[in-house]
Amino acid sequence: MSNMGARVARMFRNFNLENRVHREISKEKPRAAPRHKADLSRSSGGSESAETAELVSQKNAPLLGLLRSVYVESKDPAAAEASQEVGVETEGARRPLRFSLPGGHYGLVELSDVPRGKLTIAETLKALGSHQRQPQTWTLGKIAQEYSLDLKDTKALLEFFIPFQVHIIPPKTQSAKQVKAS
């Protein structure tokens, strides 16, 4: 069936092809715009341009001496404070790992520490599970303190990151097949 569609398309494409080609060939070709003669007085090196080029290439000794005597030293107090803060943060920017999954023999690198303000997937699932089971004990503040997180990040984590939930739907009839635990 698809072959038939190609045949129909080819028929329309090739219909009156020779006549259309002759008509296109016989059309008058567009002419290029005429070229204008260049202004010879400017480009041939008139007296004004020669004088300007000579002035530019000359060295002015007094101006050069003044330029050499200038020394600029700039200090940005905000940048100095930021570099000091970065130095303090890099020393204690990592925290030890609180929880990890067993199974380092699968070729995965076992982490020993993570940056402050970050969580591994295992730690995230552990924190969310603890909060889900005991919301009075594992409050927003406790999770933030325990895992070195910001309060707004912890609130967003608890609000938007939902771990897997298993819902078991009972069968409508008793005769339906049921999986028995072994």
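Structure's up top.
Computed from a prediction, not measured in an experiment: that's the story for all the values here.

Calculation notes
- Residues numbered from 1 in each chain as written.
- Predicted model: local features only at pLDDT ≥ 70, side-chain atom pairs only at ≥ 80, totals over all residues.
- Heavy atoms only, no water.
- Helix = DSSP H or I, 4+ residues; strand = E, 2+ residues; numbered from the N terminus.
- Buried < 20%, exposed > 50% of the residue type's maximum accessible area, 1.4 Å probe, protein only.
- Contact = heavy atoms within 4.5 Å.
- Phe/Tyr/Trp six-rings, centres within 6.5 Å; stacked < 30°, edge-to-face > 60°.
- Lys NZ or Arg CZ within 6 Å of the ring centre and 35° of its normal.
- Salt bridge = Lys/Arg side-chain N within 4 Å of Asp/Glu carboxyl O.
- Expected span 1.5 Å × (residues − 1).
- Polar contact = N/O pair within 3.5 Å; in protein donor to acceptor, adjacent residues only side chain to side chain.
- Patch = residues over 30% accessible without salt bridge, like charges linked within 9 Å, V, L, I, M, F, W, Y side chains within 5 Å.
- Areas by Shrake-Rupley, 256 points an atom, 1.4 Å probe, with all protein chains shown as cover.

## Some words on the overall build of the protein
Broken down by element type, the protein carries nine helices and two strands. Its helices and strands in sequence order give the protein the pattern α-α-α-α-α-α-β-β-α-α-α, from N to C terminus. Looking at the protein residue by residue over its 182 residues, the buried ones come to 10%. Sequence-distant contacts, at least 24 apart, represent 38% of the contacts inside the protein between residues at least 6 apart.

## Comments concerning the packing of aromatic side chains
Taken as a whole, this structure holds zero aromatic pairs when the rule is applied. In this arrangement the basic side chain of K142 is found over the ring face of W138, its NZ or CZ atom lying 4.5 Å from the centre.

## Considerations on unusual backbone geometry
If a residue is not glycine, its phi is most likely negative; likewise, a peptide bond is most likely trans. Phi angles above zero are rare outside glycine, and N16 is one such case at about 55 degrees. Its place among the elements puts N16 in the loop between helix 1 (2-14) and helix 2 (17-26). Judged by relative accessible area, which is 37%, N16 ranks as partly exposed. One non-glycine residue with positive phi stands out, namely S148, at about 55 degrees.

## Quick notes on the environment of V114
Among the structural elements, V114 can be located in strand 2 (residues 113-115). Every residue in contact with V114, bar those within four places of it in the chain, is listed here: A93, R94, R95, L97, T120 and E123.

## Considering the pattern of salt bridges
The full count for this structure, using the stated rule, is two salt bridges. In this structure, K27 and E24 form a salt bridge, with 3.6 Å as the shortest nitrogen-oxygen distance. Relative accessible area serves as the criterion here: at 48%, K27 is assigned to the partly exposed category.

## Focus: helix 7 (residues 121-133)
The end-to-end C-alpha separation of helix 7 is 18 Å, in line with the 18 Å expected for 13 residues at 1.5 Å each. Buried within helix 7 are the following residues: A122, E123, T124, A127, L128, G129 and S130. Where the residues of helix 7 are buried, they touch strand 1 (94-96), strand 2, helix 8 (140-146) and helix 9 (151-160).

## Describing the side chain of T120
Looking at the secondary structure, you find T120 in the loop between strand 2 and helix 7. Reaching out from T120, the side chain makes a polar contact with the backbone nitrogen of E123 at a distance of 3.2 Å.

## Things to note about a nonpolar patch on the surface
Taken together, the side chains of M4, V8 and F12 make up a nonpolar region of the molecular surface, amounting to roughly 340 Å² of accessible area. Tracing the chain through its elements places V8 in helix 1. Classification of V8 as partly exposed rests on a relative accessible area of 36%.

Any functional reading would require information beyond the geometric quantities listed.
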